[in-house]
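# Fold and geometry: a report
The residues making up each chain are set out below.
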Amino acid sequence: MAIDQIACQKCGSSLTSHLFCFSCKAIQSISHEINYFEVLGVYIGYEVDKEELKDKYQNLSLQLHPDFFESASESEKSLSEKSSAILNTAYKTLSEPILRAGYLLDFFSQNKKLDERLLPEGFLAEMFSMQEKLDEILESDDKSSILAMKENLYVRREKIESEFVPLFKKLEKSQNDYNLLQQLQINLNAERYLKRLLDRIN
């Protein structure tokens, strides 16, 4: 899904990022409706080119960093600080698969009410069992068992991540499909449980 193209507020040139004009070097006032894809000037979708994302982030960081606006007006200084903060948050969110999935789900679901407690069938009972097993392993300080459980949790987390790609591809074609939105929410709900166990190990 392509981002909306807008013109520079100063020179009228087409903007890559909604934060900055590379033609006339003008920082742009920030719209409340701006999304993270528009911030970085990348296609709206789950699959991202990590190198492209990094390059765009670094180029924008160089242009928007508050250190370059020390002699500018107070309004430009403030705008630079806000733009840099939004840019950093946008990059962190879009470069991390789980954060990107959660953000994109919010983007597509908008006002639709999704069940944030629903989990795959049998998943909760399995998590309780793993929780008890982890308690025992941590208490015994069995390093090989801890490592084995950690690897198992990472594999399960990666499986959830792999399911995001086809689900989001379908969602891009049918953005109002509630069942698809809910399935993505279920995957994110399950990932949160896995992350809690991994956090305990780490």
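The structure we're discussing is the one just above.
Now for a look at the structure at hand. Every chain is numbered on its own, with residues counted from 1 as its sequence reads. Totals for whole chains, interfaces and linings use every residue, but because this is a predicted model, local features are given only for residues with pLDDT of at least 70 and side-chain atom pairs only at 80 or more, for both listing and counting. The side-chain values count all of the structure's non-hydrogen atoms but skip hydrogen atoms and water molecules.

### Concerning the overall build of the protein chain
Under the convention used in this document: Each helix is a run of DSSP H or I of at least 4 residues and each strand a run of E of at least 2, with the numbering of both proceeding from the N terminus. We compute the radius of gyration over the C-alpha atoms and compare it with the globule rule, which gives 2.2 Å times the number of residues raised to the power 0.38. Buried residues are those whose accessible area, probed at 1.4 Å on protein chains only, stays under 20% of the maximum for their type, while exposed residues exceed 50% and partly exposed ones sit between those limits. For this analysis, residues touch if any pair of their heavy atoms sits within 4.5 Å. Here the Shrake-Rupley method, with its probe set to 1.4 Å, supplies the accessible areas, and only the displayed protein chains count as covering residues. A residue counts as positive if it is Lys or Arg and as negative if it is Asp or Glu; His and the chain ends are not included. For charged residues, the charge sits on one atom: NZ in Lys, CZ in Arg, CG in Asp, CD in Glu.
For the protein chain, the helix and strand inventory stands at 7 helices and 0 strands. In the protein chain, the order of α-helices and β-strands from amino to carboxyl end is α-α-α-α-α-α-α. Against the globule reference of 17 Å for 202 residues, the protein chain gives a C-alpha radius of gyration of 21 Å, more extended than a compact globule. In terms of principal-axis extent, the alpha carbons of the protein chain reach across some 65 × 40 × 25 Å. For the protein chain, the proportion of its 202 residues judged to be buried stands at 38%. Once local pairs closer than 6 in sequence are excluded, the contacts in the protein chain between residues at least 24 apart make up 63%. Summed over all atoms, the accessible surface of the protein chain reaches about 11,900 Å², with 49% contributed by carbon and sulfur. For the protein chain, the separation between the mean place of its 25 positive charges and that of its 33 negative charges on side chains is 2 Å.

### As for the environment of Q110
Within the secondary structure, Q110 is located in the loop between α4 (97-109) and α5 (123-140). Sequence separation of Q110 and N176 is 66 residues, and the distance between their C-alpha atoms is 10.0 Å.

### A closer look at the pattern of salt bridges
Short version of the rule: Salt bridge, as applied in this entry: a Lys or Arg side-chain nitrogen positioned within 4 Å of an Asp or Glu carboxyl oxygen.
Within this structure, the stated rule accounts for 10 salt bridges. Where K56 meets E52, a salt bridge forms, and the shortest distance between an N and an O atom there is 3.5 Å. Of this pair, K56 and E52 both sit in helix α2 (residues 50-64), 4 residues apart, which is roughly one turn of the helix. Residue E52 is classed as partly exposed on the basis of its relative accessible area of 34%.

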